[in-house]
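# Structural overview
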Amino acid sequence: MSELKVYFAGSIRGGRKDQAICNQLIEAIKAQGATVLCEHVGYANLTQNGQNQPPDFIHNRDLSWIAEANCAIAEVTNPSLGVGYEIHHALTLGKPVLCLFAKVEDGHSLSAMIAGAPNMYHTLKIFEYTRDIAGMAKAKVAISDFLTGVTS
Ligand code: 6IA
């Protein structure tokens, strides 16, 4: 089997408060031997203003990375227009998508447009996790199990 390419989606302009969590999830994906496309989502120095590139460049490049990837993993706790758009794009291409949603202090629920999508898009999985040590360990197992089911 050749090396898996994983597109990682996480909030940028939606807010960067989960950046450190995204970074941990990206490291967990890389620890499985996969290549992560869009790993800048986890960089501490990427601000809400995003990369210094025109929006059409970023949009077209990210969609071509999704097409190139074997699957996508999205951190969906912090609502983000871009992440929702990327998830739908990956699903319409028939890619396996894993969404990771954490129950956090403000107690908001996952958007029905993602929570309700597995009924129509059977390649979509949603995994709820907590951000304590045990919860992060379970999220990493969910990533490993998901990648095991993805063929490159
Ligand atoms: O709506 P959001 O910004 O929260 O969307 C975040 C998602 O879209 C991430 O998964 C990224 O892959 C992608 N994305 C959105 N904006 C950017 C960006 N700069 N740089 C890199 N990836 C992005 C935004 C600023 C630019 C329009 C000048």
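These lines cover the structure that appears in this document, whether it is placed above or below.

Criteria and cut-off values
- Residues numbered from 1 in each chain as written.
- Predicted model: local features only at pLDDT ≥ 70, side-chain atom pairs only at ≥ 80, totals over all residues.
- Heavy atoms only, no water.
- Helix = DSSP H or I, 4+ residues; strand = E, 2+ residues; numbered from the N terminus.
- Rg over C-alpha atoms; globule rule 2.2 N^0.38 Å.
- Buried < 20%, exposed > 50% of the residue type's maximum accessible area, 1.4 Å probe, protein only.
- Contact = heavy atoms within 4.5 Å.
- Areas by Shrake-Rupley, 256 points an atom, 1.4 Å probe, with all protein chains shown as cover.
- Lys, Arg positive; Asp, Glu negative; His and termini not counted.
- Charge placed at Lys NZ, Arg CZ, Asp CG, Glu CD.
- Salt bridge = Lys/Arg side-chain N within 4 Å of Asp/Glu carboxyl O.
- Axes fitted to C-alpha atoms, helices over the stretch in contact; angles between N-to-C directions.
- Parallel < 35°, antiparallel > 145°, perpendicular 65-115°, else oblique.
- Left-handed = near helix turned anticlockwise from the far one by under 90°.
- Nonpolar A, V, L, I, M, F, W, Y, C, P; charged D, E, K, R; others polar.
- Near = heavy atom within 4 Å.
- Polar contact = N/O pair within 3.5 Å; in protein donor to acceptor, adjacent residues only side chain to side chain.

### So, the overall build of the protein
In terms of helices and strands, the protein carries five helices and five strands. Each helix and strand of the protein, ordered N terminal to C terminal, gives the series β-α-β-α-β-α-β-α-β-α. For 152 residues, the compact-globule estimate of 2.2 N^0.38 gives 15 Å, and the C-alpha radius of gyration of the protein, at 14 Å, lies within 12% of that figure. Counting across all 152 residues of the protein, residues that qualify as buried make up 43%. Look at the contacts in the protein between residues 6 or more apart in sequence, and 77% of them connect residues 24 or more apart. In the structure as shown, the protein presents an accessible area of about 8100 Å², 56% of it carried by carbon and sulfur atoms. Across the protein, the 12 positively charged side chains and the 14 negatively charged ones have centroids separated by 1 Å.

### Comments concerning the pattern of salt bridges
If you walk through the whole model with that rule in mind, you get five salt bridges. Between lysine 5 and glutamate 68 there is a salt bridge, with the nearest N and O atoms lying 2.9 Å from each other. With lysine 5 in strand β1 (residues 5–9) and glutamate 68 in helix α2 (residues 55–68), the pair connects residues that are 63 residues apart, well separated along the chain. Taking the relative accessible area as the measure of exposure, lysine 5 reaches 31% and is therefore partly exposed. In the salt-bridge network here, residues are joined through shared partners; they are Asp18, Glu75 and Arg131.

### Regarding the packing of helix α1 (residues 19–31) against helix α5 (residues 133–148)
Where α1 contacts α5, the two axes come as close as 10 Å, and the packing angle between them is 40 degrees. By the angle between their directions, the pair α1 and α5 is classed as oblique. The handedness of the crossing between α1 and α5 comes out as right-handed. On α5, the residues touching Ile21, Gln24, Leu25, Ala28 and Ile29 of α1 are Met136, Ala139, Lys140, Ile143 and Leu147. Classifying every residue of the contact of α1 with α5 gives eight nonpolar, one polar and one charged.

### Let's talk about the site of the ligand
Near the ligand you find 22 residues, and of these Ile12, Arg13, Ser80, Gly82 and Glu86 are the closest. Contact distances for the ligand include 2.9 Å between an oxygen atom and a backbone N or O atom of glycine 82. Glutamate 86 is positioned with one of its side-chain polar atoms (N or O) 2.6 Å from an oxygen atom of the ligand. Taken by itself the ligand offers 590 Å² of open surface, and the protein chains cover 88% of this. Where the shell around the ligand is concerned, the elements lending two or more residues are β1, α2 and α3 (81–92). Per-class residue counts for the shell around the ligand are eight nonpolar, ten polar and four charged.

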